[in-house]
Amino acid sequence: MAESFTPPAPSVRPAALDDDAALAELDRSTWSTLHEVMPRPQPPYKPFFDDRHRPQDILVAEAVNPVGETVIAGYIRIVPPTPLACNAHVRQIQGLAVAAWARGRGLGRTLIRAACTAARGQGANRITLRVLGHNAPARALYESEGFTVEGVLPGEFFLGGRYVDDVLMGRPLGP
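Now for a description of the structure that goes with this document. Quantities reported herein were computed from a predicted structural model and do not represent experimental measurements.

With that settled, the discussion passes to helix α2 (residues 107–121). Three- or four-residue spacings in an α-helix give side chains the same orientation, since the helix completes a turn every 3.6 residues. Counted at 1.5 Å a residue, the expected span for α2 with its 15 residues is 21 Å, and the 21 Å between its end C-alpha atoms agrees. By the burial criterion, the buried members of α2 are Leu107, Gly108, Leu111, Ile112, Ala114, Ala115, Cys116 and Ala119. Directly beyond the C-terminal end of α2, a positive phi value near 90° is found at Gly123.

The subject of this paragraph is the pattern of salt bridges. Going through the model one piece at a time under the given rule, you end up with 8 salt bridges. Where Arg28 meets Glu25, a salt bridge forms, and the shortest distance between an N and an O atom there is 3.2 Å. Of the two residues, Arg28 and Glu25 are both situated in helix α1 (residues 20–29); the distance of 3 residues between them amounts to about one turn of the helix. Classification of Glu25 by relative accessible area gives partly exposed; the value is 42%. Between Glu145 and Arg113 there is a salt bridge, with the nearest N and O atoms lying 3.0 Å from each other. Taken together, the residues Glu145 in the loop between α3 (136–144) and β6 (148–159) and Arg113 in helix α2 connect sequence positions 32 residues apart.

For Arg120, the location among the structural elements is in helix α2. From its side chain, Arg120 meets the backbone oxygen of Gly174 in a polar contact 3.4 Å long.

Across the sheet, which stays open at both edges, the 7 strands sit in the order β1-β2-β3-β4-β5-β7-β6 with mixed pairing between neighbours. Taken across any chain shown, the strands that pair with only one partner, and hence form the sheet edges, are β1 (11–14) and β6. When the angles between neighbouring strand axes are averaged without regard to direction, this sheet yields 25°. As paired strands, strand β3 (residues 70–79) and strand β4 (residues 90–98) are joined by 5 bridges and run antiparallel to one another. By the bridge assignment, Tyr75 is partnered in β4 with Ala97. Along the sheet face, α2 touches β1, β2 (58–64), β3, β4, β5 (126–132) and β7 (162–172) and points at about 45° away from the line of β3. Against the sheet, α3 contacts β4, β5, β6 and β7, and its axis sits at roughly 160° relative to β5.

The rules behind these values
- Residues numbered from 1 in each chain as written.
- Predicted model: local features only at pLDDT ≥ 70, side-chain atom pairs only at ≥ 80, totals over all residues.
- Heavy atoms only, no water.
- Helix = DSSP H or I, 4+ residues; strand = E, 2+ residues; numbered from the N terminus.
- Expected span 1.5 Å × (residues − 1).
- Buried < 20%, exposed > 50% of the residue type's maximum accessible area, 1.4 Å probe, protein only.
- Salt bridge = Lys/Arg side-chain N within 4 Å of Asp/Glu carboxyl O.
- Polar contact = N/O pair within 3.5 Å; in protein donor to acceptor, adjacent residues only side chain to side chain.
- Pairing = 2+ DSSP bridges.
- Axes fitted to C-alpha atoms, helices over the stretch in contact; angles between N-to-C directions.
- Contact = heavy atoms within 4.5 Å.

Function-wise, these values are silent; they only describe arrangement.
Structure, rendered in structure tokens:
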């Protein structure tokens, strides 16, 4: 009987400037109106990192791909939602992507948990996000990690020929 191969658990680390090309490619390859409100990226492609998307705001997950290489398989972006001191206790997830080949291996959950840990380490006691109403897989994942719906903006976006709700979710960050 042949033994089945179980890939090692993914590792999560802070992003580095050298990750720009891999993250940009991951972003393009995972683009979908299921989770994206911006138009599909077109050449010439912009760099992944810019003034609003800094390496220190991104955690990357590395995993073994189908050809046995350890590569970036996902990322999550966590930032203060505003620059206001009265809102400094909150972090917001403003992007989560997992490569198609890596889905179903717990990378999204691993990244969410790492983001919560990082947010606590930055002094936050609350984390929020926005997710499109029709993105049932993402909503289920967030709910399983303790996020609850805190508000809905009905028909906020027009995507793929239909109006889509913008769902606001959040959760406290315990000790």
